[in-house]
Amino acid sequence: MTEASAIKYMGQPLRRREDFKFITGKGRYTDDMKAPGMLHMAIVRSPHAHAIIKSVDLTAARAAPGVRVALSGADLAGKIGAIEPNWVIPGTKIPDRPVVAIDRVRFVGECVALVVAETQALAHDAAGLIEVDYDVLPAVTDEAEAIRDGAPQLHENVPNNITTFYKMGGGDYKKAAGEADHIVKLQVINNRLIPTCMETRSILAVPEPDGTLTLNIQSQVPHMHRRWIAETAGIPEHQLRVVAPDIGGGFGAKMHLYPEELLCPYLARRLGAPVKWWESRSESHQSTSHGRAHTETIEVAFRNDGKILGLKVETLGNVGAYLSNMASGGPTVNTINFGTGTYKIDNYQAVSRVVVTNTVPVDAYRGYGRPEAGYIAERAIDAVARHLKLDQVDVRRLNFIPRADFPHRPYNGPAVIYDSGNYEGLLAKALDAFKYDERVAERDRLRDQGRYRGIGVAAYTHMCGMAPSRRLSLLGFNRGGWESARVSIDSSGRATIFSGSMSQGHGHNTSLAQIAADVLQIPIENIDIVQGDTRQVQAGHGTFNSRSMAVGGSSVHVSSQRIVAKAKKIAAGMLEIDEKDVSYSAGQFSVPGTDITPITFAKVARMAYVGHKLPDGMEPGLDETQFYDPVGMGSPSGIHMAYIDLDPETGIVDILDYVAVDDVGTIINPLLAAGQIHGGVVQGIAQALFEEVNYDPDTGQLMTGSLLDYAVPRAEHVPNIRTSFQETPSPTNPIGVKGIGESGSIAAPPCMVHAVLDALSPLDISHLDMPMTPPRIWSAIQKARAGVSS
């Protein structure tokens, strides 16, 4: 008897199993849910960026039709705890944040009162009757202005508005600068963004007859949300069930603890009725966390040939009015630790200051800190190439970390280890796919005809798949880095996987099933995935930091291996053969080289539950759980290239081509991998060309309070994104995967900036901040033509 060929699921471009539900309108989102006797909550938000609350008059609201309760911050004092961050860099000063403001508001949109009524319309009508008397104070919205002498102070315990000071580096930058042929300085802005999910936030809290509470919420981290809410709202954790249904995008914004997520469960328990809250788009702009909002000052020292000898960075990270969940870590660990990018820069000196301002709190948004870090490295390398008038590709190649140096510890620092990489290989593939030499020749030929064509190049790397747990404790996390998976086989041989990861459109129903099917060797149709229910799923940390496959997928892989190992022991007993002689593939246990009839996985599963022929000491059943805690983090990398046409009369940028070559380790599903790159690139293009949050610097008013004022790209603005991959497996996990979800958002912004600056180089325009909107580009062109320096 010959052994059956193994079924290969990993690496196959399978279509997403979950998509039929969504494209036929059968997705079920929080706002679709209703419950008998459901009430609705409406929030009254501050119209001022900074003010003393003198009084809150709830009289008219409480008398309004259908109102069950109207409350101010003073009414809730002592009943719900303060909102606390979950990642606190050592030495950070933490300002107090009440769930509803009591005596002072610190940003436009902060909660000051609430109404619960029988319908959403009645709740909003009654909220409009609440009268709040304010004493308006001076506000500050810019991070640089906030730390100047005499700036308005937001919190008594945060002097100079600086919550966190953090340093990182290695080597001797001062010595490198002294030995350099050139030093270039530049300041770059990483523009503030709004995570514009298709689905805004929504919550439904339902008291159950048994005294427990079910909270339906769009959560990237259901189990962590359960813990945070239980601790802050005073609900015993075992009495709180968190259910995350289908989620219309998260991008990091749906992994934080918000006031509404505490108010709904508190009110549902207080009133003994379901309470629902839904966020309008304009409300989302002033209440859901923002992203980015950095100012970086960069100094780069280099030789005549373009070799960088040292890099110096100062970061100001604007985190808004309070420290949201991970706010102290984004501008510090996640940014300046990775400021040297893909380049071997031995002398590095970086400091970061985390600054509070009278703006919406800033927290994780796709890449969180790594796009900002990548922008530092890429703008520095581009500045070197422009200063020396060298080809941007040649300067990158000269400074790349050599393949032989992996695993690599940048600047010999204590915090970062790049596990694997081959940047030269990525560059060669990208140059070939892009047809770089032909494009350069075409660009130059068209320039002679007065056309403004530009080529942008960007390289990136970072660390993701947040782990291991012991390391996280040193960085100030109040959470672990493991992920859990339970693989349960029923008596028919069908598998159900309970995963602590949480999809928000990622395709986990497909990719996790592929990982399991590859090990279990059963049809993927026989595998179900369960996520997002703290009652069904044993435990988990959820999905963020590109960790779902590296950590969550690895836990599925190891649990599945344990299933096969146990099943093989059972099969050996059924075949009356030594276990070491049993082979397993394609759903069959066989003994190669004999005429023994193979037995199927389904028969072994049945025996596992019948229990008649189990090895001595073996428990019945086929069910394995793994809490997988990786030994390290993976380091994805890539080279992206863009080709644009720029109209000098309008400033409009037309993206003619975009090539992305990425190394994300082992590819589980090429179709899903390409989709992840596409999504990240589009968000990166959006940051580079379209999106920016604007505040009035005097009043602190949000000037981009709706999609009428905040520009997101439409389909016509997005090019055909050509993707390919290089696979350098990660040694940090058993399936060799690295994170992928954030890659495009890291590479695309500098890639697009470089393309625009290349197009404008005949005008000697060397710097523009994002977003490079048509008015901003057009204005720069007019100044250049008039002889005004950029």
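My aim in this report is to walk through the structure given alongside it, one point at a time. (Residues numbered from 1 in each chain as written. Predicted model: local features only at pLDDT ≥ 70, side-chain atom pairs only at ≥ 80, totals over all residues. Heavy atoms only, no water.)

**Focus: the overall build of the protein**
Item 1. Secondary structure summary: the protein contains 21 helices and 26 strands in total.
Item 2. Relative to the compact-globule value of 28 Å for 790 residues, the protein shows a C-alpha radius of gyration of 28 Å, a close match.
Item 3. Viewed in the frame of its principal axes, the protein has a C-alpha envelope of about 90 × 75 × 45 Å.
Item 4. Taken over 790 residues, the protein has a buried fraction of 63%.
Item 5. Contacts in the protein between residues at least 24 apart in sequence constitute 80% of all its contacts with a sequence separation of at least 6.
Item 6. When the accessible area of the protein is evaluated, it comes to approximately 29000 Å², of which 50% is carbon and sulfur surface.
Item 7. With 76 positive and 88 negative side-chain charges, the protein shows a spacing of 2 Å between the two charge centroids. (Helix = DSSP H or I, 4+ residues; strand = E, 2+ residues; numbered from the N terminus. Rg over C-alpha atoms; globule rule 2.2 N^0.38 Å. Buried < 20%, exposed > 50% of the residue type's maximum accessible area, 1.4 Å probe, protein only. Contact = heavy atoms within 4.5 Å. Areas by Shrake-Rupley, 256 points an atom, 1.4 Å probe, with all protein chains shown as cover. Lys, Arg positive; Asp, Glu negative; His and termini not counted. Charge placed at Lys NZ, Arg CZ, Asp CG, Glu CD.)

**Remarks on the sheet that holds strand β16 (residues 452-461)**
Item 1. What the four strands build is an open sheet, ordered β16-β24-β25-β26; its pairing is mixed. Two strands lie at the open edges of the sheet, namely β16 and β26 (721-725), each paired on one side alone. Going from strand to strand, the sheet's axes swing by 10° on average, the running direction of each strand aside.
Item 2. Alignment of β16 against strand β24 (residues 637-646), held across ten bridges, turns out to be antiparallel. Across the sheet, Ala459 pairs through a bridge with Ile639, a residue of β24.
Item 3. Lying over the sheet, helix α19 (residues 670-689) contacts β24, β25 (653-663) and β26, oriented at roughly 130° with respect to β26.
Item 4. In the packing of helix α20 (residues 743-760) onto the sheet, the strands contacted are β16, β24 and β25, and the crossing angle to β16 comes to about 150°. (Pairing = 2+ DSSP bridges. Axes fitted to C-alpha atoms, helices over the stretch in contact; angles between N-to-C directions.)

**Details of the packing of aromatic side chains**
Item 1. Within this structure, the stated rule accounts for eleven aromatic pairs.
Item 2. Measuring from centroid to centroid gives 4.1 Å for Trp87 and Phe477, while their planes differ by 20°, and the two rings are stacked. Taken together, the positions of Trp87 in the loop between α3 (73-76) and β4 (104-105) and Phe477 in the loop between α15 (469-474) and β17 (483-489) put the pair 390 residues apart, joining distant regions of the chain.
Item 3. Note on Trp87: relative accessible area 2%, which makes it buried.
Item 4. Classification of Phe477 by relative accessible area gives buried; the value is 9%.
Item 5. Judged by centre distance (5.8 Å) and plane angle (5°), the ring pair of Tyr343 and Phe400 falls under stacked. In this pair, Tyr343 is assigned in the loop between α10 (333-336) and β15 (347-355) and Phe400 in the loop between α12 (392-399) and α13 (423-434), connecting sequence segments 57 residues apart. Of the two residues, Tyr343 and Phe400, neither departs from the other in class, the shared state being buried.
Item 6. Through successive ring pairs, a cluster of aromatic residues spans Tyr343, Phe400, Phe406 and Tyr423.
Item 7. Here the basic side chain of Arg201 rests over the ring of Tyr258, its NZ or CZ set 3.8 Å away from the ring centre. (Phe/Tyr/Trp six-rings, centres within 6.5 Å; stacked < 30°, edge-to-face > 60°. Lys NZ or Arg CZ within 6 Å of the ring centre and 35° of its normal.)

**Comments concerning the packing of helix α11 (residues 370-388) against α20**
Item 1. The N-to-C vectors of α11 and α20 enclose an angle of 30°; their axes lie 8 Å apart at closest approach. When the interaxial angle is binned, α11 and α20 end up roughly parallel. α20 is crossed by α11, and the crossing has right-handed handedness. Each of Arg370, Pro371, Gly374, Tyr375, Glu378, Arg379, Asp382 and Arg386 in α11 lies in contact with α20, whose residues at this interface are Ser745, Ile746, Pro749, Pro750, Val753, His754, Leu757 and Asp758.
Item 2. For the contact of α11 with α20, the class distribution of residues is seven nonpolar, three polar and six charged. (Parallel < 35°, antiparallel > 145°, perpendicular 65-115°, else oblique. Left-handed = near helix turned anticlockwise from the far one by under 90°. Nonpolar A, V, L, I, M, F, W, Y, C, P; charged D, E, K, R; others polar.)

**Some thoughts on unusual backbone geometry**
Item 1. The peptide bond linking Ala467 to Pro468 adopts the cis configuration, its omega dihedral lying at -15°.
Item 2. Along the polypeptide, Pro468 turns up in the loop between β16 and α15.
Item 3. In this model, Met770 is joined to Pro771 through a cis peptide bond whose omega is -5°.
Item 4. Following the sequence through the fold, Pro771 ends up in the loop between α20 and α21 (774-785).
Item 5. The backbone of Asn160 shows a phi angle near 60°, a positive value even though the residue is not glycine.

**Remarks on the pairing of strand β3 (residues 67-72)**
Item 1. Burial runs high along β3: five of the six residues are buried.
Item 2. Bridge analysis of β3 against strand β5 (residues 111-117) gives five bridges, and the strand direction is antiparallel. Within β5, the residue paired with Val69 across the bridge is Val116.

**A closer look at a nonpolar patch on the surface**
Item 1. A contiguous nonpolar patch, built from Phe20, Phe22 and Ile23 and spanning about 350 Å² of accessible area, is present on the exposed surface.
Item 2. Topologically, Ile23 is positioned in helix α1 (residues 19-23). (Patch = residues over 30% accessible without salt bridge, like charges linked within 9 Å, V, L, I, M, F, W, Y side chains within 5 Å. Salt bridge = Lys/Arg side-chain N within 4 Å of Asp/Glu carboxyl O.)

**Remarks on the environment of Met224**
Item 1. Within the secondary structure, Met224 is located in helix α7 (residues 222-233).
Item 2. With 309 residues separating them in the primary sequence, Met224 and Asp533 have C-alpha atoms 12 Å apart.
Item 3. Among residues more than four places away in sequence, those in contact with Met224 are Arg479, Gly540, His541 and Phe544.

It is worth stressing that arrangement in space is one thing and function is another; only the former is reported here.
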